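Per-entry structural report
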Amino acid sequence: MSFSDHKITQFTHKITDLPDQPTLAPNELKARFDSSPEELRQAVNGICDDASRLEARVEGIVVDTFGDTIDREMLSDELAAELDAKATQAALSDEAGARTQSDNVLADRLTANETLTAQKCEIYCGSYAGNWSGNSNDPSTQTITLGFQAKAVVISSSNANSVSGYGATLAHIALEDAASPYVSITSTGFQVSSYMNFSANGPFRYVALK
C-alpha cells in the first residue's frame, strides 16, 4: 500500500447534502456529522503506519549497504567540505582553549614568583646595652623596639661572663614560633632577659630578619 492509497478525494457523506429540515433520527444525524472526521482520522493513521514501515525498511537498507559506519567517500562534496570546516573550527577552538589555559598557568607562576620575590628577607642590624645588674630584685627584662615583627632574631655577646655560677651563652636565636631561653620575638621587636640583658655581658649585637 502506498501513501496515495490514503488520499481522500471526497467524504462519503457531505453535510451540505442534508435537507434544510432534518428528516433523520437523532442517532443517524450524529453519525452523519461524525463520519467525515472519522474518515480523516483513519486516513492520517494509515499514512503514519506506512511511514513507520518505510522508515524501518530504509534503516535496514542503510545497515545492509553501509554497515555501522559511513565513510567520507559516501558523502557529497558539499557535505564533506562542511564537515571538514566544522572539524577545523573545533580543532582551532580546542587549541585556543589550551593556549588560554597555558597562559593562565604561566600567569599564576609569574604571580607566585613575584610574591616569593617580594617575600625576600630584609636584614636589620643593631646593638643594645644590657640593663640588668644581676640583682634578683631588679627587673631582668628589656624590650628592644624595631618597628616590625621579625621572622628571626640572632643576638650575640663578645663578653659573656659567669655570674654566680651561671654561664651566659655567646649567641641566641629566636624564631616567630620558637623563643630561646633568653630571647623572644614581639609584635614590634624582641625582648631579652637574664644573661642576654646582663649589663656585664654587653654590648649585645643583633641581626633581625624581616
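This part covers a nonpolar patch on the surface. Judged by side-chain polarity, I123, V154, I173, L175 and V207 come together as a nonpolar surface patch covering roughly 400 Å² of accessible area. With respect to the helices and strands, the residue I173 is situated in strand β6 (residues 171-175). On the basis of relative accessible area, I173 is assigned to the partly exposed category, the value being 49%.

Attention now goes to the sheet that holds strand β3 (residues 152-157). With antiparallel pairing, the four strands of this open sheet are ordered in space as β1-β9-β3-β6. For this open sheet the edge positions go to β1 (123-128) and β6, each flanked by a neighbour on one side alone. Averaged over all pairs of adjacent strands, the angle between strand axes in this sheet comes to 15°, irrespective of strand direction. The pairing of β3 with β6 spans five bridges and is classified as antiparallel. Following the sheet pairing, A152 is matched in β6 by L175.

Our focus in this paragraph is the pairing of β3. Taken together, the six bridges between β3 and strand β9 (residues 204-209) define a ladder with antiparallel strand orientation. From the neighbouring strand, S157 faces β9, where its bridge partner is F204.

It is worth spelling out the sheet that holds strand β2 (residues 141-145) at this point. Read across the sheet, three strands follow the order β2-β8-β7 without closing on themselves; strand pairing throughout is antiparallel. Strand pairing shows two members of the sheet lacking a second neighbour, β2 and β7 (183-185), which therefore form its edges. Taking the axes of each pair of neighbouring strands and ignoring which way they run, one obtains an average angle of 20° across the sheet. In this sheet, strand β8 (residues 189-193) lies alongside β7 in antiparallel orientation, the contact comprising three bridges. Looking at the pairing, V183 lines up with V192 of β8.

Cut-off values and rules
- Residues numbered from 1 in each chain as written.
- Predicted model: local features only at pLDDT ≥ 70, side-chain atom pairs only at ≥ 80, totals over all residues.
- Heavy atoms only, no water.
- Patch = residues over 30% accessible without salt bridge, like charges linked within 9 Å, V, L, I, M, F, W, Y side chains within 5 Å.
- Areas by Shrake-Rupley, 256 points an atom, 1.4 Å probe, with all protein chains shown as cover.
- Salt bridge = Lys/Arg side-chain N within 4 Å of Asp/Glu carboxyl O.
- Helix = DSSP H or I, 4+ residues; strand = E, 2+ residues; numbered from the N terminus.
- Buried < 20%, exposed > 50% of the residue type's maximum accessible area, 1.4 Å probe, protein only.
- Pairing = 2+ DSSP bridges.
- Axes fitted to C-alpha atoms, helices over the stretch in contact; angles between N-to-C directions.

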